[in-house]
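Given next are the chains, with one letter for each unit.
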Amino acid sequence: ETGEKMAMTTPVFTREGKMQFVMSRGFRDASALPRPKDGSGVSVSERAGGVFAAARFSGIATDDLATEAERRLTAAIGRDGHVVKSGVGPSLAQYNDPATNPLRRRNDVLVELEGFDKGRLDK
């Protein structure tokens, strides 16, 4: 028990068969989080940031819907002259609890970009 309130924020990411939870800003690094129970299969780590492109879709995030969103996204990235970072698979971000009406659910497929001029983000 750290004495701090544990608060998860959305989205919940799924990538490469793993589920990743976003922790609140109150935790500045992974060492501030409580340690998972031994044998739980849960680990705590930090993921470096980057520049990502995203495609939003609604509904229940099935593999087919996520794959189609990724296909549209990578096609748009290519048309815009950008490059998807190699060796890094896409992430699926889900923002709603399972009880949310599927028509109101928000999902994003994200892919990291390589060689993107970060200075363009301020324009």
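Refer to the structure above for everything that follows.
Residues numbered from 1 in each chain as written. Predicted model: local features only at pLDDT ≥ 70, side-chain atom pairs only at ≥ 80, totals over all residues. Heavy atoms only, no water.

You can see P98 is positioned in the loop between β5 (91-94) and β6 (106-114). Residue classification places P98 among the exposed positions, given a relative accessible area of 72%. For the pair P98 and I60, spaced 38 residues apart in sequence, the C-alpha to C-alpha distance is 8.9 Å. (Helix = DSSP H or I, 4+ residues; strand = E, 2+ residues; numbered from the N terminus. Buried < 20%, exposed > 50% of the residue type's maximum accessible area, 1.4 Å probe, protein only.)

This brings us to the packing of aromatic side chains. If you walk through the whole model with that rule in mind, you get zero aromatic pairs. A cation over a ring is seen here: R106 above Y95, with NZ or CZ 3.8 Å from the ring centre. (Phe/Tyr/Trp six-rings, centres within 6.5 Å; stacked < 30°, edge-to-face > 60°. Lys NZ or Arg CZ within 6 Å of the ring centre and 35° of its normal.)

In terms of nonpolar packing, the biggest core is built from eight residues, these being V51, A53, A55, L73, I77, V111, L113 and F116. For this core, the elements supplying multiple residues, two or more each, are β3 (52-58), α1 (63-79) and β6. Contact partners of L73, with chain neighbours within four places excluded, come to A53, A54, A55, V109 and V111. Counting six residues, the second-largest nonpolar core is a separate cluster that includes F57, A61, A66 and A69. (Core = buried A, V, L, I, M, F, W, Y, C linked by side-chain atoms within 4.5 Å. Contact = heavy atoms within 4.5 Å.)

Bringing the pattern of salt bridges into the picture now. Within this structure, the stated rule accounts for four salt bridges. In this structure, E112 engages K85 in a salt bridge whose closest nitrogen and oxygen atoms are separated by 3.7 Å. With E112 in strand β6 and K85 in the loop between β4 (83-84) and β5, this residue pair connects regions lying 27 residues apart in the sequence. With a relative accessible area of 32%, K85 lands in the partly exposed category. In this structure, D108 and R106 form a salt bridge, with 3.2 Å as the shortest nitrogen-oxygen distance. Overall, R106 belongs to the partly exposed group, its relative accessible area being 31%. Here the residues in one salt-bridge network are R56, R106 and D108, joined through shared partners. (Salt bridge = Lys/Arg side-chain N within 4 Å of Asp/Glu carboxyl O.)

Looking now at the environment of A32. Here A32 shows up in the loop between β2 (18-23) and β3. Each C-alpha atom of the pair A32 and V44 lies 10.0 Å from the other, and the pair is 12 residues apart in sequence.

Before going further, it helps to examine the side chain of D108. Its place among the elements puts D108 in strand β6. At a separation of 2.7 Å, a polar atom in the side chain of D108 contacts the side chain of Y95. Here the side chain of D108 touches R106 through a polar contact of 3.2 Å, side chain to side chain. For D108, the contacting residues outside a window of four places in its chain are A55, R56, F57, S91, L92, A93 and Y95. (Polar contact = N/O pair within 3.5 Å; in protein donor to acceptor, adjacent residues only side chain to side chain.)

Interpretation note: all reported values are geometric properties and have no functional meaning in isolation.
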